[in-house]
Amino acid sequence: MMRKIIEIDEEKCNGCGLCANACHEGAIGMVDGKAKLLRDDYCDGLGNCLPVCPTGAITFVEREAAAYDEAAVQANLRAKQAQQPLACGCPGSQACAIERTADAPVASAAPAASELRQWPVQIKLVPVNAPYFDGAHLLVAADCTAYAYAGFHQDFIRNKITLIGCPKLDEGDYSEKLTEIIRNNNIKSVTVVRMEVPCCGGIEHAVRTALQASGKFLPWQVVVISTDGKILEQ
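Residues numbered from 1 in each chain as written. Predicted model: local features only at pLDDT ≥ 70, side-chain atom pairs only at ≥ 80, totals over all residues. Heavy atoms only, no water.

**Let's talk about the overall build of the protein**
Item 1. Helix and strand counts for the protein come out as six helices and nine strands.
Item 2. The buried share of the protein, taken over its 234 residues, is 44%.
Item 3. Considering only residue pairs separated by 6 or more positions, the protein has 73% of its internal contacts joining residues 24 or more positions apart.
Item 4. As displayed, the protein offers around 12700 Å² of accessible surface, 53% of which is attributable to carbon and sulfur atoms. (Helix = DSSP H or I, 4+ residues; strand = E, 2+ residues; numbered from the N terminus. Buried < 20%, exposed > 50% of the residue type's maximum accessible area, 1.4 Å probe, protein only. Contact = heavy atoms within 4.5 Å. Areas by Shrake-Rupley, 256 points an atom, 1.4 Å probe, with all protein chains shown as cover.)

**Let's talk about the state of the cysteines**
Item 1. According to the stated counting rule, one finds zero disulfides in the structure shown.
Item 2. As a non-bridged cysteine, Cys-13 has Cys-19 as the owner of its nearest cysteine sulfur, 6.1 Å distant.
Item 3. On the basis of relative accessible area, Cys-13 is assigned to the buried category, the value being 9%.
Item 4. No disulfide involves Cys-49; its nearest neighbouring cysteine sulfur is the one of Cys-23, lying 6.2 Å away.
Item 5. Residue class for Cys-49 comes out buried when judged on its relative accessible area of 5%. (Disulfide = S-S within 2.5 Å.)

**Quick word on the environment of Ile-161**
Item 1. Counting through the fold element by element, Ile-161 comes out in strand β6 (residues 161-165).
Item 2. Assessed through its relative accessible area of 4%, Ile-161 is described here as buried.
Item 3. Placed 28 residues apart in sequence, Ile-161 and Phe-133 show a C-alpha to C-alpha distance of 7.2 Å.
Item 4. Residues contacting Ile-161, with those up to four places away along its chain left out, are Arg-117, Gln-118, Tyr-132, Phe-133, Ala-136, His-137, Leu-138 and Leu-139.

**Some details on the environment of Lys-36**
Item 1. Relative to the assigned elements, Lys-36 resides in strand β3 (residues 34-37).
Item 2. Judged by relative accessible area, which is 29%, Lys-36 ranks as partly exposed.
Item 3. For the pair formed by Lys-36 and Ile-8, sequence separation is 28 residues and the distance between their alpha carbons is 6.8 Å.
Item 4. Not counting residues up to four positions away in its chain, the partners in contact with Lys-36 are Ile-8, Glu-10, Ala-27, Ile-28, Gly-29 and Val-31.

**Observations regarding unusual backbone geometry**
Item 1. For the bond running from Trp-119 to Pro-120, omega is 0°, close enough to zero to count as cis.
Item 2. Looking at the secondary structure, you find Pro-120 in the loop between α2 (70-83) and β5 (137-142).
Item 3. Backbone geometry places Asp-32, a non-glycine residue, at a positive phi of 55°.
Item 4. Along the polypeptide, Asp-32 turns up in the loop between β2 (28-31) and β3.

**Quick look at the packing of aromatic side chains**
Item 1. One pass over the structure, following the stated rule, counts three aromatic pairs.
Item 2. Judged by centre distance (5.3 Å) and plane angle (50°), the rings of Phe-152 and Phe-156 are tilted. One end of the pair is Phe-152 and the other is Phe-156, both in helix α4 (residues 152-157) and four residues apart, which spans about a single turn. No difference in accessibility class separates Phe-152 from Phe-156, as the two residues are buried.
Item 3. Ring-pair connections join several aromatic residues into one group, and the members of that group are Tyr-149, Phe-152 and Phe-156. (Phe/Tyr/Trp six-rings, centres within 6.5 Å; stacked < 30°, edge-to-face > 60°.)

**A word on the sheet that holds strand β9 (residues 231-233)**
Item 1. In spatial order, the strands read β6-β5-β7-β8-β9; together these five strands make up an open sheet with mixed pairing. Both outer strands of the open sheet, β6 and β9, are each paired with one neighbouring strand and no more. The mean inter-strand angle of the sheet, taken between neighbouring strand axes irrespective of direction, is 25°.
Item 2. Across five bridges, β5 lies against β6 in parallel orientation. Paired with Ala-141 across the strands is Ile-164, a residue of β6.
Item 3. Those strands touched by helix α6 (residues 201-214) are β5, β6, β7 (189-195) and β8 (220-225), and its axis lies near 160° from that of β7. (Pairing = 2+ DSSP bridges. Axes fitted to C-alpha atoms, helices over the stretch in contact; angles between N-to-C directions.)

**Regarding the nonpolar core**
Item 1. One finds Phe-133, Leu-138, Val-140, Leu-163, Leu-178 and Val-190 to be the most contacted residues of the largest nonpolar core, which totals 24 residues.
Item 2. Elements that contribute at least two residues to this core include exactly β5, β6, α5 (175-184), β7, α6 and β8.
Item 3. Per-element tally for this core: the top contributor is α6, with five residues.
Item 4. Residues in contact with Leu-163, not counting those within four places in the same chain, are Gln-118, Val-121, Ile-123, Val-126, Phe-133, Leu-138, Leu-139, Val-140, Ala-141, Leu-178 and Ile-181.
Item 5. Formed by 22 residues, the second largest nonpolar core is a distinct cluster that contains Ala-27, Ala-57, Ala-72 and Val-73. (Core = buried A, V, L, I, M, F, W, Y, C linked by side-chain atoms within 4.5 Å.)

Listed below in structure tokens is the structure:
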């Protein structure tokens, strides 16, 4: 079948291994010091590996390839886990406990007000030409970020139009719809908020692709949230 899949330029690859670590499906491995796509049916086409490659050696191509095989991927990951348990957060679905100290409640604290300015918020559901996009500062966030980061409404949603999604669980690619939103509306800026886990790379890649395809030059930034709720990069 014809489908979108990654391609690795061996000459550009410096052998750092970041893409292999970021690929939560196990599709990329290091062979003779170079990154290799091990099996077509392990690659889900989300491109989590693209943002971490420092040399630009990884691109998307449209070619004849075996369909993505979730069962084969899971079997491969289970086999790897049996050999060496994975650390928390890699892949993003690996379970772990987060220790918190029990702080005393602040009696005078008022309930926080919602800063959400529009509905719907899911990328898949939002209309491309909604009136609230006119002059908007756009926030594109991974679903989990609002749960991990305590001050999400005040620090990120305030004064922005919010779009959320999960590149791991949602079907398809967001980049085409985000391209239309940016191209057809007077967007002032774009902020991407993603988790540190590799599977969140898809949402950053979708925004990057949309900005390039829209033909517009907009200020944009990426904020990375850790699984324990801290800002890692901004």
